[in-house]
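Summary of the model geometry
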Amino acid sequence: MRYIEPHAHMVSRTTDDYQALVMAGCRAVCEPAFWAGFDRSSVASFYDYYRQLTEYEPKRAARFHLPHYSWICINPKEAEDLVFAREVIQIIPKFLEKETVLGVGEIGLNKNSKNEVAILEEQVQLALDHDQLILLHTPHLEDKLKGTQLIVDILQQDPRVNPNKVLIDHVEEHTIRKVIEAGFWAGITLYPESKCTPPRAVDMLEQYGSSNRLWMNSACDWGVSDPLSLPKAILELRKRSFSEEEIDRLVYQNPVRFLKQSPKFKLDI
Amino acid sequence: MQDSANKPMLDLYFMDARSKLIDIAAFMDRIARNQQTDDYRYCAFVEALNCLNSENRAESVLNAFSDHSTIPSAIASPGPATGALKID
Ligand SMILES: [Zn+2]
């Protein structure tokens with residue numbers, strides 16, 4: 001069955017994973033810029049990472065006939081040092097012009113600190129100044145509730161922010177309602193241990209799936225994660241009697257409708 | 001959206017939930033045997049069990065483990081999130 005993997009950190013994955021994605025029906029993969037699992041030591045390190053996302057990784061994916069798109073930003077986990085983060089932000093605009101870059105992301109919050117908030121606000125401005133889509137990471141575990149509310153508040157304070165062009169990712173049962181009711185898109189991340197299982201994702205889709213502003217993703221990265229979690233969620237949807245048309249809307253048409261707001265995203269419904 | 005009235009939810013999920021409930025019981029026995037019941041994570045865990053008596057159980061459990069403050073912190077706390085709020 002066709003689907004989009006709208007959030008995967010493919011630089012951490014093997015070519016076997018690319019092959020498995022394609023064989024499972026994946027039609028495009030989108031890769032937000034994020035933390036490497038360790039703090040980068042220089043602006044040049046970010047520069048090289050952005051080149052990897054925009055030059056090398058699309059070529060690696062193309063060997064498997066899989067379109068690869070990316071999002072560029074400095075992630076919230078490396079935003080605590082304001083001077084350093086602002087130096088990194090300086091080099092982002094030239095990468096936003098690259099032909100496979102869809103927007104600014106995944107920005108957001110990690111520990112809900114003042115400095116993280118400052119860098120989040122500055123990168124929202126960057127996205128608005130360059131008319132970019134915005135992809136937001138919400139914090140993990142005990143910090144998610146507070147972080148999601150702070151993010152929604154920050155976005156709603158700026159009248160230039162168009163909620164149609166913003167997706168707030170990693171929602172769970174205690175945050176999904178506030179994101180959707182505020183008019184933003186919501187992402188459900190299928191991630192072993194710390195986020196959401198396929199049965200819970202389907203529970204949320206039963207309750208909120210008619211909103212049309214939802215996608216699911218694996219967010220697979222360098223940690224314990226599963227690049228095939230989306231096909232597994234498709235199986236769960238079938239067990240729960242969702243029709244094939246409904247499943248196609250959730251795993252293919254919804255992400256395409258969001259992503260096509262960037263003229264660089266080439267797939268059609 | 002989906003009419004779930006006639007779906008075999010227990011056929012699909014009972015054995016899995018039963019197994020997870022036994023895992024939780026064994027986890028609590030293990031913590032008790034090792035005298036670690038005063039750890040803040042375990043205290044939060046026991047407190048969150050009360051949410052099983054509420055209506056929106058998953059949402060309530062997640063809320064029980066959450067930081068409910070609303071002001072950004074002065075600095076980012078070191079280390080990864082631990083899953084429960086540590087009150088100093
Ligand atoms: Zn991510």
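Here we summarise the structure given alongside this text. Remember, predicted model here, so these are calculated numbers, not experimental data.

**Topic: the overall build of chain A**
- The helix and strand inventory of chain A stands at 9 helices and 8 strands.
- Relative to a compact globule of 269 residues, whose C-alpha radius of gyration would be 18 Å, chain A shows 17 Å and is just as compact.
- Projecting the C-alpha coordinates of chain A onto the three principal axes gives extents of approximately 50 × 40 × 35 Å.
- The burial tally for chain A puts 62% of its 269 residues in the buried class.
- Counted over contacts in chain A with a minimum sequence separation of 6, partners at least 24 positions apart contribute 72%.
- Carbon and sulfur atoms make up 51% of the accessible area of chain A, which amounts to about 10000 Å² in all.
- Both charge centroids of chain A, one from 32 positive and one from 39 negative side chains, sit 3 Å from each other.

**Quick word on the nonpolar core**
Residues and elements named next belong to chain A.
- Counting residues in hydrophobic clusters, the biggest one holds 75 residues, and the most contacted among them are Tyr50, Leu136, Leu155, Ile168, Phe184, Ile188 and Met216.
- At 8 residues, helix 3 (residues 82-96) tops the list of elements feeding residues into this core.
- With residues up to four places along the chain from it excluded, the contact list for Ile168 reads Leu136, Thr138, Ile151, Val152, Leu155, Val179, Phe184, Trp185, Ala186 and Gly187.
- Within the second largest apolar cluster, 17 residues are counted, among which are Ile4, Ala28, Cys30 and Trp71.

**Overview of the interface of chain A and chain B**
- At the junction of the two partners, chain A supplies 31 residues and chain B supplies 31 residues.
- Both sides of the chain A and chain B interface together cover about 2500 Å² of buried area, and 56% of this is carbon and sulfur.
- The largest per-residue losses of area from chain A upon contact with chain B belong to Lys111(A), Glu142(A) and Lys146(A), which jointly make up 29% of the total buried on that side.
- Taken together, the connections running from chain A to chain B amount to 2 salt bridges.
- The interface formed by chain A and chain B includes 13 residue pairs in polar contact (both at pLDDT 80 or more).

**Digging into the side chain of Arg249(A)**
- Turning to its location among the elements, Arg249(A) is positioned in helix 9 (residues 244-259).
- Side chain to side chain, Arg249(A) and Glu246(A) meet in a polar contact 3.0 Å long.

**Quick notes on the sheet that holds strand 6 (residues 166-168) of chain A**
Residue and element names in this part refer to chain A.
- Spatially, the 8 strands line up as an open sheet ordered 1-2-3-4-5-6-7-8, and their pairing is parallel. The outermost strands of the open sheet, each flanked by one partner alone, are strand 1 (3-5) and strand 8 (214-217). Neighbouring strand axes in the sheet, compared pairwise and without regard to direction, differ in orientation by 25 degrees on average.
- With 4 bridges joining them, strand 2 (residues 26-32) and strand 3 (residues 68-72) adopt parallel strand pairing. By the bridge assignment, Pro32 is partnered in strand 3 with Trp71.
- Taken strand by strand, helix 1 (residues 15-24) contacts strand 1, strand 2 and strand 3, and its axis lies near 135 degrees from that of strand 2.
- Docked against the sheet, helix 2 (residues 43-62) engages strand 2, strand 3 and strand 4 (101-108), running at close to 170 degrees with respect to strand 3.

**A few points about the packing of aromatic side chains**
All names here are of chain A.
- This model, assessed by the stated rule, comprises 13 aromatic pairs over all chains.
- An angle of 75 degrees between the planes, with centres 5.4 Å apart, marks the rings of Tyr47 and Phe95 as edge-to-face. One end of the pair, Tyr47, is in helix 2; the other, Phe95, is in helix 3, and 48 residues separate them in sequence.
- Here the aromatic cluster, defined as three or more aromatic residues joined through ring pairs, consists of Phe46, Tyr47, Tyr49, Tyr50, Phe84 and Phe95.
- For the cation-ring pair, Arg40 lies above Tyr49, with the distance from its terminal atom to the ring centre recorded as 4.2 Å.
- Between the NZ or CZ atom of Lys94 and the centre of the ring of Phe95, over which it lies, the distance is 5.7 Å.

**Digging into the coordination of the zinc ion**
Residue and element names in this part refer to chain A.
- Within the protein, the atoms that donate to the zinc ion are His7 (NE2), His9 (NE2) and Glu106 (OE), at distances of 2.0 to 2.1 Å.
- On the primary sequence, the residues serving as donors to the zinc ion are separated as H-x1-H-x96-E. Across this residue pair, the class does not change: His7 and His9 are buried.

**Things to note about unusual backbone geometry**
All names here are of chain A.
- That bond from Gly105 to Glu106 is cis: its omega, -10 degrees, falls within 30 degrees of zero.
- Structurally, Glu106 can be placed in strand 4.
- A positive phi angle, close to 50 degrees, is found at Asp131, a residue other than glycine.
- Tracing the backbone through its elements, the reader meets Asp131 in the loop between helix 4 (114-129) and strand 5 (133-137).
- Here the phi dihedral of Asn212 falls at roughly 70 degrees; this positive angle occurs in a residue that is not glycine.
- The topology assignment puts Asn212 in the loop between helix 7 (198-208) and strand 8.

**A short note on the packing of helix 2 of chain A against helix 3 of chain A**
Residue and element names in this part refer to chain A.
- Here helix 2 crosses helix 3 at 30 degrees, and the two axes come no closer than 10 Å. Judged on the interaxial angle alone, helix 3 and helix 2 are roughly parallel. By crossing handedness, the relation of helix 2 to helix 3 is classed as right-handed. Counting all contacts with helix 2, which are made through Val43, Phe46, Tyr47, Tyr50, Arg51 and Thr54, the residues of helix 3 involved are Phe84, Glu87, Val88, Ile91, Ile92, Lys94 and Phe95.
- Looking at the contact of helix 2 with helix 3 residue by residue, the classes come out as 9 nonpolar, 1 polar and 3 charged.

Definitions and cut-offs
Chains are numbered independently. Their residues run from 1 in the order of the written sequence. To label them, take the chains in the order written and letter them from A, then take the ligands in the order written and number them from 1. In keeping with the predicted nature of the model, local features appear solely for residues at pLDDT of at least 70, side-chain atom pairs appear and are counted solely at 80 or more, and the whole-chain, interface and lining totals rest on all residues. Processing note: side-chain calculations cover all non-hydrogen atoms of the structure and skip hydrogens and water entirely. Here a helix means four or more residues in a row that DSSP labels H or I, a strand means two or more in a row labelled E, and each is numbered from the N terminus. Restricting the calculation to C-alpha atoms gives the radius of gyration, and the globule rule supplies 2.2 Å times the number of residues raised to the power 0.38. Residue burial is assigned from relative accessible area. The probe radius is 1.4 Å, only protein chains are included, and a residue is buried under 20% of its type maximum, exposed over 50%, and partly exposed in between. For this analysis, residues touch if any pair of their heavy atoms sits within 4.5 Å. In short, Shrake-Rupley with a 1.4 Å probe defines the accessible areas, and a residue's cover is counted only from the protein chains shown. Counted as positive: Lys and Arg. Counted as negative: Asp and Glu, with His and the chain ends omitted from the count. For charged residues, the charge sits on one atom: NZ in Lys, CZ in Arg, CG in Asp, CD in Glu. Residue types Ala, Val, Leu, Ile, Met, Phe, Trp, Tyr and Cys, when buried and joined through side-chain atoms within 4.5 Å, form a set referred to as a nonpolar core. Joining two parts hides part of their accessible area as seen by a 1.4 Å probe, and the buried area is that hidden amount summed over both. Any Lys or Arg side-chain nitrogen located within 4 Å of an Asp or Glu carboxyl oxygen qualifies as a salt bridge. Two N or O atoms count as a polar contact when they lie within 3.5 Å, although within protein this holds only if one can serve as hydrogen donor and the other as acceptor, and sequence-adjacent residues are included solely when both atoms are side-chain atoms. Strands qualify as paired when DSSP identifies two bridges or more between them. Fitted lines through C-alpha atoms serve as axes, helices being fitted only where they are in contact, and the angles separating the N-to-C directions of these axes extend from 0 to 180 degrees. Note on aromatic contacts: the rings of Phe and Tyr and the six-membered ring of Trp form a pair at centre separations within 6.5 Å, being stacked when their planes are under 30 degrees apart, edge-to-face when over 60 apart, and tilted otherwise. Distance and angle both matter: a charge sits over a ring if NZ of Lys or CZ of Arg is within 6 Å of the ring centre and within 35 degrees of the ring normal. Only nitrogen, oxygen and sulfur atoms qualify as donors, and only when within 2.8 Å of the metal (3.2 Å in the case of Na, K and Ca); with water excluded, sites may look incomplete. The labels follow the angle: roughly parallel below 35 degrees, roughly antiparallel above 145, roughly perpendicular from 65 to 115, and oblique for the rest. What makes a crossing left-handed is the near helix being turned counterclockwise from the far one by less than a right angle; a clockwise turn instead makes it right-handed. When residues are grouped by polarity, Ala, Val, Leu, Ile, Met, Phe, Trp, Tyr, Cys and Pro land in nonpolar, Asp, Glu, Lys and Arg in charged, and all others, Gly among them, in polar.

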